Every structure is written in structure tokens, then in C-alpha cells.
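A look at the structure
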Amino acid sequence: MVIGTGTVPAQSIKDVETRVWRLCHSLAARLQFHGWHHVSFVRDKAVHFARRNGADVALVEVAALVHDVNYMVRRNSLPVDGRALRLSILADAGVADLVAHRVDRVVEEAEMRTRHRDISLEAQALSDADTLFKALPVTPVVLAPKYLAENGITLRELAHKIVGEQRGKHDEGYYFYDPEAAATYARWATANLELWQCIVESLEDPEVAELLSAVG
Ligand SMILES: [Fe+2]
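Residues numbered from 1 in each chain as written. Predicted model: local features only at pLDDT ≥ 70, side-chain atom pairs only at ≥ 80, totals over all residues. Heavy atoms only, no water.

Inspection of the entire model under this criterion finds seven aromatic pairs. Ring geometry for phenylalanine 41 versus phenylalanine 133: centroids 5.4 Å apart, planes at 70°, classification edge-to-face. Taken together, the residues span a long stretch of sequence, with phenylalanine 41 in helix α2 (residues 36-53) and phenylalanine 133 in helix α7 (residues 121-135) at a distance of 92 residues. Of the residues examined, phenylalanine 133 reaches a relative accessible area of 4% and is grouped as buried. Ring plane angle 40° and centroid distance 5.3 Å describe the contact between tyrosine 185 and tryptophan 188, whose orientation is recorded as tilted. Here tyrosine 185 and its partner tryptophan 188 are both found in helix α10 (residues 179-202), three residues apart, which amounts to about one turn of the helix. In this structure tyrosine 185 comes out as buried when scored by relative accessible area, which is 15%. Within the aromatic cluster, the residues linked to one another by ring pairs are Phe33, Phe41, Phe133 and Tyr147. (Phe/Tyr/Trp six-rings, centres within 6.5 Å; stacked < 30°, edge-to-face > 60°. Helix = DSSP H or I, 4+ residues; strand = E, 2+ residues; numbered from the N terminus. Buried < 20%, exposed > 50% of the residue type's maximum accessible area, 1.4 Å probe, protein only.)

Of the pockets and cavities examined, the largest pocket occupies roughly 500 Å³. Taken together, 32 residues form the lining of the largest pocket, with His34, Tyr71, Lys134, Tyr147 and Lys161 sitting closest to its centre. Taken as a whole, the second largest pocket encloses approximately 210 Å³ of empty space. As for the second largest pocket, its lining consists of Thr154, Leu155, Arg156, Leu203, Ala209, Leu212, Ser213, Val215 and Gly216. No other element matches helix α11 (residues 206-214), which puts three residues into the lining of the second largest pocket. The class makeup of the residues in the lining of the second largest pocket is five nonpolar, three polar and one charged. (1 Å grid on protein atoms, 1.4 Å probe; cavity = no way out; pocket = protein on both sides within 12 Å on 5 of 7 lines; lining within 4 Å. Points joined across faces, edges and corners; volume = space filled by probe spheres on them. Nonpolar A, V, L, I, M, F, W, Y, C, P; charged D, E, K, R; others polar.)

Take a look at the structure:
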């Protein structure tokens, strides 16, 4: 557990963690990709990046814990779809209303689809952690099939989503915000995007499409 300070008392962080952990475990069969393994990885890395960039560490930790609760509400959904559940978890854990709405804004800011170069330091820390999970070399091998199953989308849809949402950020130099993260993980990110671009291209080949439909 990471002890937070500042805007969110340590006891509230622990309470949010317990509530999200319970939800993840009760919904584990549905959350093959966005389960506790994802939340705890993103939380730990987000706290690391927040300590580096001077963000509000406690706020980042709580935002990381609740950033993907939308997948508990509806598959293949957006952060906004989880807003009511997110705010309810935070309220039940004793997080002040103003702080809870700030947490929700950080989650929205860090969303891959819409994030930009000038998001807040808190959103940068969360984004770097979540982006790192996407760029891990093991993710396309081990976790991508779980993403497809969880969200009910095809490999073609996932490949187009990844390339469509991530290529611009990568090419424009804000795939990662933290310079250390960029230096450490840029090779993984580039290889990952290249792999997904190759998957997009391979699916244009009718024989590859036929092969995939044959294996289900
Ligand atoms: Fe995430």
C-alpha cells in the first residue's frame, strides 16, 4: 500500500482501495483486462511518476484506483460512463466532494483518446502509468485477447483503436510525459505501435482475415 498525503487523507485512500479491490474481485470474471492486476499496476506506477513530477501524489493515487471503474458499469465504455460509480466510491470513502470532482477531471484528462500535450501534472502521472501498461511487451501477447473478450470487440477494431488513438501522441512526442519514462520505455512503445500497425495491414489480406475467422 502507498500512503498518501495532502488532499486525500491516508485513511480515505485505503478505503477507496478496499472498495475498488472488492468490486474488482466480485466482477473478476468480467474484468479480464481491467481487473485488479491492471488497477494495482497503474496505481503503483502513477504514484512513482507523481513523486517525480511534483503532482499531488494522494490525488493521483486515488485517481488511479478509480480510473477504469467505467468497465464495471459497461463493457467497451468511456471514463464518463463510470463517473457516477467513481463519485459514489469516493463519497463512500469520505473524499470531499470538491476533491472527488477533481479526481474525476484528472481521469478524464488522462484518457488516451483525448489527452493532449498540456494536461495537468496529476493527469500526466496517471497517463504515463496507464500508457506504460499498454506499451508493455507482454500486453499484446498475454492481455490483448483478454481485452477482446472483456469488451466484445474484434481484433480489427482493437488494432484500429490502438493505432488511431496512440500513433499521433507517439509521433508528436508526448506518448509519455515523464522524460525518464520516455527514455526508458520509448523502444517498447515504438515496437508495440509498429506491431499493431502491422496487424492492421495484415488484416487487409483476405487470406489472413479468412485464417482468423477459421480459428474463431
Ligand atoms: Fe487503465
